[in-house]
Amino acid sequence: MIEAIRDTSERTVSATRRLRGEVAVPGDKSITHRALMFNAMASGTARVDDFLDSDDTRSTIACLRALGARIEEVPGGVVVHGQGRAGLHEPDDVLDCGNAGTAMRLLAGVVASLPFYTVLTGDASLRSRPMGRIVQPLGELGVRIAGRKNNTLAPLAVQGGSIKGNRTVRTPVASAQVKSALLIASLAADGPVTVVEPAKSRDHTERMLSAMGVGIVEDGPSVTLTPLAGDLRAVDVRVPGDISTAAAWLVAGAVHPDAEIRLRGVGVNPTRTGIIDILRAMGASIEFQEERVVGGEPVADLVVRSSQLHGVEVFGDLVPRAIDELPLVALCGALASGETVIREASELRVKESDRVATTAMLLRAFGAEVEERPDGMVVQGRAKFHAATAASHGDHRLAMLGAVAALMTGGGDSRILGAGDVAVSYPGFWDDLARLSGA
Ligand code: S3P
């Protein structure tokens, strides 16, 4: 396994007697990346409020600025001064996407639509993640794109400009990043492009491009984009809270015996709510309050309370709807009754770390019984967690998983190595943990 040791800081987390309080969940990472990129390609000025200010989204801002976008930081958000695609120019250096898979794959689509040469790279973790999945289908659209190891790894070199439309492209995996790269590139196509996935992935790209004036027709796992004659229309975006971030507290609240947590402003787009469906199927009490629509996305306040959980089997269409939350599902499974099986989820192996291996390792350190499978894992329930040392393996979601596990032990202090990695998606994580646990 190739590991990026991103952060060497460590935190100590103790078992907590109760979890109580409210969290204003930070902005959605997927929507933040898209709001920045699409408005940078658009014509007009747009505000992006409540955006996620984190390492990953800072990587996107830096790359867009290197392409000539004007992005101004203002209290509470950013203002993007779009000058259309023609307002962007060839960067004079390699673009560094840091740890952000979304930045690299979506930006590959952005620069494929622009008539110049761009090189995209990232940190050691990102440079080990599969890029053939965008190189191959972008090639079908006529994009000249190449990468290391026979075009499967970054750095990626893209000569953009002319995109061939009037065709259907099938993606090898259900991945919103791959689908989005293709849809974004197709903005410059000479005719409609249909993208078909094996199962439907998150649809934030489709929603936002529609709001910007693009013709998008969705039909199950297939999306057809008809390019606009002119530029995208800039739109203000208020970014909903990230359900993948909220998931840490949903799980902590459901498994802890004395918990009630209210999560304000969580995005509950149905392509993202697999974690709620799974937790409810396990017996969790999760209440939706104040349901509303924010920036074209459904949003609600969520209240989670201590629950008696039992094991479940997760597979099929649920997998892309809960992909980033599956390590937390495994943790739930370890503390629930019965057995929890996660299968058809080999995508977990190509995230910021190999999340089948790293999740199994982490949960075993706390006392869980976990069997790794090529496409998932089997977790035995009713584990009694004891204090442990857990490593993030350079993966923000593993650092948070370790912290949630550490709250559930019978006592004693656990050590989380690589604690600073949370900054990739949730810089305020440790403060919120201290508040909720009364530490
Ligand atoms: C994302 C899509 C998912 C997810 C990632 C963000 C996006 O990846 O894991 O954290 O913003 O499109 P895949 O679509 O590649 O599974």
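These numbers were taken from a predicted model, which means no experiment stands behind them.

## Considering the overall build of the protein
Part 1 of the argument: What the protein contains, in helices and strands, is 14 helices and 23 strands.
Part 2 of the argument: Expected size for 439 residues packed as a compact globule is a radius of gyration near 22 Å; at 21 Å, the protein falls within 12% of this value.
Part 3 of the argument: Put simply, the protein has 439 residues, and 61% of those count as buried.
Part 4 of the argument: Contacts in the protein between residues at least 24 apart in sequence constitute 76% of all its contacts with a sequence separation of at least 6.
Part 5 of the argument: Accessible surface for the protein amounts to roughly 15,400 Å². Of this, 47% is attributable to carbon and sulfur atoms.

## As for the site of the ligand
Part 1 of the argument: Taken together, Lys29, Ser30, Arg34, Thr102, Ser175, Ala176, Gln177, Arg202, Ile323, Asp324 and Lys351 are the residues near the ligand.
Part 2 of the argument: Thr102 places a side-chain nitrogen or oxygen 3.5 Å from an oxygen atom of the ligand.
Part 3 of the argument: For the ligand, an oxygen atom lies 2.8 Å from a polar atom in the side chain of Lys351.
Part 4 of the argument: Protein chains shield 95% of the accessible area of the ligand, which is 380 Å² for the free molecule.
Part 5 of the argument: Spatially, the ligand is embedded in the largest pocket.
Part 6 of the argument: For the shell around the ligand, the secondary structure elements donating two or more residues are α1 (29–41) and α6 (176–185).
Part 7 of the argument: Taken together, the residues of the shell around the ligand sort by class into two nonpolar, four polar and five charged.
Part 8 of the argument: Looking at which domains feed residues into the shell around the ligand, each of domain 1 (10–27 + 240–437) and domain 2 (29–238) supplies at least three.

## Considering the domain arrangement of the protein
Many authors give the size of an interface as the accessible area that is lost as the parts come together.
Part 1 of the argument: Taken domain by domain, the protein comprises domain 1 (10–27 + 240–437) and domain 2 (29–238).
Part 2 of the argument: Domain 1 and domain 2 are separated by 29 Å when their C-alpha centres are compared.
Part 3 of the argument: Each partner contributes residues to the interface: domain 1 has 28 residues there, and domain 2 has 26 residues.
Part 4 of the argument: Buried surface at the junction of domain 1 and domain 2, both sides included, amounts to about 2,200 Å², of which 48% is carbon and sulfur.

What counts and what doesn't
- Residues numbered from 1 in each chain as written.
- Predicted model: local features only at pLDDT ≥ 70, side-chain atom pairs only at ≥ 80, totals over all residues.
- Heavy atoms only, no water.
- Helix = DSSP H or I, 4+ residues; strand = E, 2+ residues; numbered from the N terminus.
- Rg over C-alpha atoms; globule rule 2.2 N^0.38 Å.
- Buried < 20%, exposed > 50% of the residue type's maximum accessible area, 1.4 Å probe, protein only.
- Contact = heavy atoms within 4.5 Å.
- Areas by Shrake-Rupley, 256 points an atom, 1.4 Å probe, with all protein chains shown as cover.
- Near = heavy atom within 4 Å.
- Polar contact = N/O pair within 3.5 Å; in protein donor to acceptor, adjacent residues only side chain to side chain.
- 1 Å grid on protein atoms, 1.4 Å probe; cavity = no way out; pocket = protein on both sides within 12 Å on 5 of 7 lines; lining within 4 Å.
- Sits in = over half its atoms within 2 Å of the grid points.
- Nonpolar A, V, L, I, M, F, W, Y, C, P; charged D, E, K, R; others polar.
- Domains from an automatic or database assignment.
- Buried area = accessible area lost by both parts, 1.4 Å probe.

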